[in-house]
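Chain by chain, the residues run as shown.
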Amino acid sequence: MPRASTRVTVDRRGMLRAVGIHKSTSTGYHFRCFAPFAAFFLSSIFHSSNSPTARPLSFASPSASPYIVEAMLSRSSARTAQRLARAASRQPHLQNVSRSFATVETDIFKPTKFGSKYTVTLIPGDGIGAEVAESVKTIFKADSVPIDWEQVDASGVDSGAPGSAEEMFRESIASLKRNKLGLKGILHTPISRSGHQSFNVAMRQELDIYASVCLIKNIPGYNTRHKDVDLVIIRENTEGEYSGLEHQSVPGVVESLKIITRLKSERIAKFAFAFALANNRKKVTCIHKANIMKLADGLFRRTVQSVAADYPTIEVNDMIVDNASMQAVSKPQQFDVMVMPNLYGGILSNIGAALVGGPGIVPGCNMGRDVAVFEPGCRHVGLDIKGKDQANPTALLLSGTMLLRHLGLDDHANRISRAVYGVIADGKYRTRDMGGDSTTHEFTRAILDKMDTL
Ligand SMILES: NC(=O)C1=CN([C@@H]2O[C@H](COP(=O)(O)OP(=O)(O)OC[C@H]3O[C@@H](n4cnc5c(N)ncnc54)[C@H](O)[C@@H]3O)[C@@H](O)[C@H]2O)C=CC1
Ligand SMILES: O=C(O)CCC(=O)C(=O)O
């Protein structure tokens, strides 16, 4: 039977490092296994520090892409990491040693792997989904990425066939439960049809992929109004305003329930602080509206503050969501990691996307205890440009490279992301949303050509 463990170490700079070891006791076959650490995905798409010595906890080798540093921890190893971080911060001598600290047996999940290939669920989604998913498949194939896609064409668009949308949705959930790992576009939710539940939301709730991570950072060579934007939006994904509990008390009076629980607030807060710690980020800002929703957002805010006490090395502050929106467009550089309830995350990830170039370039993921689903961080369907060969595939491609890193396939991730950034920096091929006139196909071709030169 395969067994897995995590070794957590503190390096000579006092940084925590975790290495997953997957052991097959029957074959004696050992390999480094990154992907199973789904419960805490700790990621920053670019190197977040100017200091050459300050490297975040990372599975990427020091020679990996200068842009990308990512790390993952299982739930239990993350807990251990937190404990060790506290211990290390109290014991200065630990900052100067490099030693193996602990071995933790974990309840890690195991993505499906046949032979040397992973099976990953691919849900292209509605609107531009098919086109950008095609771009990902083409580029991954060209780089011989060891992934077999299990594609499920779920859709929120009403096809008229009774039950078919629901059936495909159920199939996508089954596939994700089986494979533990997915790449997903966005499913449309008609505004006008009452009673039609959002499949996106239902999926996050059913799989309990509770932590949405949206990476907002300027792309080198693509200038927007603000420079040096580098912030991470961590959003509770399963409750809050998205609980879907609404009813009409009497005609003309609707009650819509926002659910905030201490348990879910605590786990998203822990995720945010563990993320900050692991990625050498300095500050966590709690976004809320506790001046008005004193009970709900008050609980969220208090919970974040109490979790913060376990992370003395990370600065913490909080900000009312209205002000945060204004601050984000006027002085986004003040933000580092931001943690918030569901709806505020939707709004701020849209503001964030606009700061750095739009929804077409912002990657993201949704992390749970058992399942990880990578999807564009700013979740747009793009029905208006469906089938027009105009979509920017960057957001899905970079979400895909995050997935590769999650699997420990750093070489593939580095090559692909370098090619994407390289093409954007060259400026010759850019899609319309970035001010160019390249089609999705031309942009994809340019990335393939760039990969040949790397
Ligand atoms: N309407 C829906 O069914 C859903 C809406 N949402 C939420 O609502 C927000 C807005 O959604 P919508 O109004 O449906 O936005 P949308 O899908 O209409 O997108 C807004 C604009 O951005 C463009 N765009 C988006 N992605 C692009 C890409 N990759 N390349 C080039 N252009 C791109 C679209 O063409 C469109 O002009 C989302 O951020 C999300 O938070 C989320 C899921 C489903
Ligand atoms: O699924 C939908 O229609 C909306 C969900 C949403 O707003 C989001 O994913 O941010």
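As named in an unreviewed UniProt entry, the protein is Isocitrate dehydrogenase [NAD] subunit 1, mitochondrial, taken from Xylaria multiplex. Looking at the protein in UniProt, the text filed under Subunit (unreviewed entry) is "Octamer of two non-identical subunits IDH1 and IDH2." Under the heading Subcellular location (unreviewed entry), UniProt records this for the protein: "Mitochondrion".

Student: Before we go on, may I ask you to explain the overall build of the protein in this structure?
Tutor: The secondary structure content of the protein amounts to eleven helices and 19 strands. The buried share of the protein, taken over its 454 residues, is 58%. Sequence-distant contacts, at least 24 apart, represent 74% of the contacts inside the protein between residues at least 6 apart. On the protein, roughly 18,900 Å² of surface is accessible, and the fraction owed to carbon and sulfur atoms is 52%.

Student: Got a minute to help me understand unusual backbone geometry in this structure?
Tutor: Negative phi is the rule for most residues except glycine; trans is the rule for most peptide bonds. If you check the backbone angles, Ser 144 has positive phi at about 50° while not being a glycine. Mapped onto the secondary structure, Ser 144 falls in the loop between α2 (129–142) and β9 (147–151). Phi at Lys 180 takes a positive value of approximately 70°, unusual for a residue other than glycine. A residue is classified by how much of its surface remains accessible, and Lys 180, at 23% relative accessible area, is partly exposed.

Student: So what exactly am I meant to see when it comes to the site of ligand 1 here?
Tutor: The full set close to ligand 1 counts 18 residues, and Thr 189, His 380, Gly 382, Asp 384 and Asn 392 are the nearest of them. Within the side chain of His 188, an N or O atom sits 3.2 Å from an oxygen atom of ligand 1. At 2.6 Å from an oxygen atom of ligand 1 is found a main-chain nitrogen or oxygen belonging to Gly 382. In the complex, the protein chains occlude 68% of the 800 Å² of accessible area that ligand 1 would expose alone.

Student: Which parts of the structure should I look at to understand the packing of α2 against helix α9 (residues 394–406)?
Tutor: When two helices pack together, you describe them by how their axes are tilted relative to each other and by the distance separating the axes. Closest axis-to-axis distance for the α2/α9 pair is 9 Å, and the angle between their directions is 45°. Between α2 and α9, the crossing angle belongs to the class labelled oblique. Relative to α9, α2 is oriented so that their crossing is right-handed. In contact with Val 132, Ala 133, Ser 135, Val 136, Ile 139 and Phe 140 of α2, α9 contributes Leu 396, Leu 397, Gly 400, Thr 401 and Leu 404. The residue makeup of the contact of α2 with α9, split by class, is eight nonpolar, three polar and no charged.

Student: Explain the packing of aromatic side chains here, please?
Tutor: Both the distance between ring centres and the angle between the ring planes are used here to describe each pair of aromatic rings. Counted by the stated rule, this structure contains four aromatic pairs. Ring geometry for Phe 169 against Phe 199: centres 4.5 Å apart, planes inclined by 10°, an arrangement best described as stacked. Linking Phe 169 in helix α3 (residues 164–179) with Phe 199 in helix α4 (residues 199–207), this pair joins segments that are 30 residues apart in sequence. Look at Phe 273 and Tyr 311: their rings are 5.2 Å apart centre to centre, the planes differ by 20°, and that puts the pair in the stacked class. Of the two residues, Phe 273 sits in helix α5 (residues 262–278) while Tyr 311 sits in the loop between α6 (296–308) and β16 (315–320), which places them 38 residues apart along the sequence. Accessibility assignment for this pair places Phe 273 and Tyr 311 in one class, buried. When the ring centre of Tyr 210 is taken as reference, the NZ or CZ atom of Arg 267 above it lies at 4.0 Å.

Student: What exactly am I supposed to notice about the pairing of strand β14 (residues 253–259) here?
Tutor: Moving residue by residue along a regular strand, the side chains alternate between the two faces of the sheet. Bridge analysis of strand β13 (residues 240–250) against β14 gives six bridges, and the strand direction is antiparallel. When the sheet's bridge partners are listed, Glu 246 is paired in β14 with Ser 256. The antiparallel pairing of β13 with β14 creates a hairpin that spans two residues between the two strands, and Gly 252 there sits at a positive phi of about 90°.

Student: Even after reading the chapter, I still don't get the environment of Asp 384, so can you show me in this structure?
Tutor: Note that Asp 384 resides in the loop between β19 (372–374) and α9. Measuring from C-alpha to C-alpha, the distance between Asp 384 and Ile 128 comes to 8.7 Å, with 256 residues separating the pair along the chain.

Student: I'm lost on α6 in this one. Help?
Tutor: An α-helical turn contains 3.6 residues, so any two residues separated by three or four positions project in the same direction. Compared with the 18 Å implied by 1.5 Å per residue over 13 residues, the 19 Å span of α6 between its first and last C-alpha is a close match. Regarding α6, the residues found buried are Asp 297, Gly 298, Leu 299, Phe 300, Thr 303, Val 304, Val 307 and Ala 308. In this structure, the buried side of α6 is in contact with β14, α5, β15 (283–288), β16, β17 (337–340) and α8 (342–356).

Student: I tried to follow α4 on my own but got confused; where do I start?
Tutor: Counted residue by residue, α4 has seven buried out of nine residues, so it is predominantly covered. Among the residues of α4, those classed as buried are Phe 199, Asn 200, Val 201, Ala 202, Met 203, Arg 204 and Leu 207. Each element contacted by the buried residues of α4 is listed here: β8 (117–123), α3, β10 (181–184), β13, β18 (364–367) and β19. Capping the start of α4 is the job of one residue whose side-chain oxygen sits 3.2 Å from the backbone nitrogen of Asn 200: Ser 198.

Student: Would you mind showing me how to read the site of ligand 2 here?
Tutor: In the region of ligand 2, the neighbouring residues are Thr 189, Ser 198, Asn 200, Arg 204, Arg 235, Tyr 242 and Arg 379. Asn 200 places a side-chain nitrogen or oxygen 2.7 Å from an oxygen atom of ligand 2. Between ligand 2 and the protein, one listed contact pairs an oxygen atom with a side-chain N or O atom of Arg 379 at 3.0 Å. Alone, ligand 2 offers 290 Å² of accessible surface; in the complex the protein occludes 74% of this. Looking at the shell around ligand 2 residue by residue, the classes come out as one nonpolar, three polar and three charged.

Student: Would you mind showing me how to read the nonpolar core here?
Tutor: The tendency in soluble globular proteins is for nonpolar side chains to be buried side by side. Membership of the largest hydrophobic core comes to 90 residues, with the highest contact counts inside it found for Ile 234, Ile 287, Val 339, Leu 348, Phe 374 and Ile 447. Looking at this core, the element that brings in the most residues is α5, giving nine residues. One finds Ile 123, Leu 187, Phe 199 and Leu 207 within the second-largest nonpolar core, a separate group that totals 13 residues.

Student: Help me understand the side chain of Ser 175, please; the structure alone is not making it clear to me.
Tutor: Structurally, Ser 175 is set in helix α3. The exposure class of Ser 175 is buried, given its relative accessible area of 1%. Side-chain polar atoms of Ser 175 contact the side chain of Glu 150, separated by 2.6 Å. Leave out the neighbours within four places in its chain, and Ser 175 touches Thr 121, Glu 150 and Val 152.

What counts, and where the lines are drawn
- Residues numbered from 1 in each chain as written.
- Chains lettered and ligands numbered in written order.
- Predicted model: local features only at pLDDT ≥ 70, side-chain atom pairs only at ≥ 80, totals over all residues.
- Heavy atoms only, no water.
- UniProt positions renumbered as here; feature names shortened; annotations may be inferred.
- Helix = DSSP H or I, 4+ residues; strand = E, 2+ residues; numbered from the N terminus.
- Buried < 20%, exposed > 50% of the residue type's maximum accessible area, 1.4 Å probe, protein only.
- Contact = heavy atoms within 4.5 Å.
- Areas by Shrake-Rupley, 256 points an atom, 1.4 Å probe, with all protein chains shown as cover.
- Near = heavy atom within 4 Å.
- Polar contact = N/O pair within 3.5 Å; in protein donor to acceptor, adjacent residues only side chain to side chain.
- Axes fitted to C-alpha atoms, helices over the stretch in contact; angles between N-to-C directions.
- Parallel < 35°, antiparallel > 145°, perpendicular 65-115°, else oblique.
- Left-handed = near helix turned anticlockwise from the far one by under 90°.
- Nonpolar A, V, L, I, M, F, W, Y, C, P; charged D, E, K, R; others polar.
- Phe/Tyr/Trp six-rings, centres within 6.5 Å; stacked < 30°, edge-to-face > 60°.
- Lys NZ or Arg CZ within 6 Å of the ring centre and 35° of its normal.
- Pairing = 2+ DSSP bridges.
- Expected span 1.5 Å × (residues − 1).
- Core = buried A, V, L, I, M, F, W, Y, C linked by side-chain atoms within 4.5 Å.

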